[in-house]
Amino acid sequence: MQIPEIDHDYPADLDPRVEALVTQVIGRVADKWTMILLEVLTEAGEQRFSQLLRAAEGISQKMLTQTLRQMERDGLVIRTVHAAVPPRVDYRLTDLGEGLSYAFCGVWVWAAKNVDRIEAARAAFDERAAA
């Protein structure tokens, strides 16, 4: 398997804010619900709160609200409130959110290419652990 070359030569004067941001973003995106909402919004486009609640199976209304607020704070989604009765709120990815979704698309590609190897490794581990 050929691994693409990645430039790991960071400048000596790397802004410490970059390291902090990467740590925060990884923590945010590694969150189960953020990943799921990124996927839903990427595939379906702009969605109402209720549509997101249905699409993200198992998420509570409270967790959906918290996750969307954090994603909005991070600049990943735009929240649009429509003056209607009952109130309607739509969410869509920003360019920043679309870029992050694209970056994490590589994880899905990697998983698809390696699922058999990972399952075999897990089965071998479990067999050794049971012995």
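How each quantity is defined
Each chain has its residues counted from 1, following the order in which its sequence is written. Per-residue local features are limited, in this predicted model, to residues with pLDDT of at least 70; the limit for side-chain atom pairs, both in listing and counting, is 80 or more; totals at the level of whole chains, interfaces and linings are taken over all residues. The basis for every side-chain value is the complete set of non-hydrogen atoms in the structure, without hydrogens or water. Note on patches: the residues involved have over 30% relative accessible area and no salt bridge, like charges join within 9 Å, and the nonpolar side chains Val, Leu, Ile, Met, Phe, Trp and Tyr join within 5 Å. Methods summary: accessible areas were calculated by the Shrake-Rupley approach with a probe of 1.4 Å, and residue burial reflects only the protein chains presented. Should a side-chain nitrogen of Lys or Arg be within 4 Å of a carboxyl oxygen of Asp or Glu, the pair is scored as a salt bridge. Every helix listed is a DSSP run of H or I at least four residues long, and every strand listed is a run of E at least two residues long, numbered separately from the N terminus. Only protein chains enter the accessibility calculation, which uses a 1.4 Å probe; a residue is then buried when its area is under 20% of its type maximum, exposed when over 50%, and partly exposed in between. A strand pair is defined by DSSP finding two or more bridges across the two strands. How far a helix is expected to stretch is found by multiplying one less than its residue total by 1.5 Å. The definition of a polar contact used here is a pair of N or O atoms within 3.5 Å, where within protein one atom must be able to donate a hydrogen and the other to accept one, and adjacent residues in sequence count solely through side-chain atom pairs. A contact between two residues is defined here by any heavy atoms of the two lying within 4.5 Å. Working definition for bend: take the seven residues up to and ending at a residue and the seven starting at it, fit an axis to each, and measure the angle between the axes.

Draft legend 1. Examining a nonpolar patch on the surface more closely. A contiguous nonpolar surface patch, about 310 Å² in accessible area, is contributed by Leu14, Val18, Val22 and Ile26. Take Val18: it is sitting in helix α1 (residues 16-29). The class for Val18 is partly exposed, based on a relative accessible area of 39%.

Draft legend 2. Highlighting the sheet that holds strand β2 (residues 77-82). Pairing is antiparallel across the open sheet formed by three strands, whose spatial order is β1-β3-β2. The outermost strands of the open sheet, each flanked by one partner alone, are β1 (47-48) and β2. Across two bridges, β1 lies against strand β3 (residues 88-93) in antiparallel orientation. Across the sheet, the residue bridging to Arg48 is Asp90, located in β3.

Draft legend 3. Broad picture of the pairing of β3. The pairing of β2 with β3 spans six bridges and is classified as antiparallel. Each residue of the ladder has a partner; that of Thr80, found in β3, is Asp90. With antiparallel pairing between neighbouring strands as the criterion, β2 and β3 make up a hairpin whose turn holds five residues.

Draft legend 4. Fine view of helix α2 (residues 32-44). With 13 residues, α2 extends 18 Å between its outermost C-alpha atoms, agreeing within 8% with the 18 Å of an ideal straight helix rising 1.5 Å per residue. Capping of α2 at its N-terminal end is provided by Asp31; its side-chain oxygen lies 2.8 Å from the backbone amide nitrogen of Trp33. Following α2 by one or two positions, Gly45 adopts a phi angle in the positive range, close to 75 degrees.

Draft legend 5. A look at the side chain of Gln47. Along the chain, the position of Gln47 falls in strand β1. Accessibility expressed as a relative area gives 12% for Gln47, which makes it buried. Excluding its chain neighbours within four sequence positions, the residues that come into contact with Gln47 are Val40, Leu41, Leu52, Val89, Asp90 and Tyr91.

Draft legend 6. Structural context of helix α5 (residues 95-130). Of all the bends in α5, the greatest measures close to 60 degrees and is centred on Asn114. Listed as buried for α5 are Gly97, Leu100, Ser101 and Asn114.

Draft legend 7. Spatial organisation of the environment of Gln66. Tracing the sequence through the fold places Gln66 in helix α4 (residues 61-73). For Gln66, a relative accessible area of 39% gives the class partly exposed. Each C-alpha atom of the pair Gln66 and Trp33 lies 10.0 Å from the other, and the pair is 33 residues apart in sequence.

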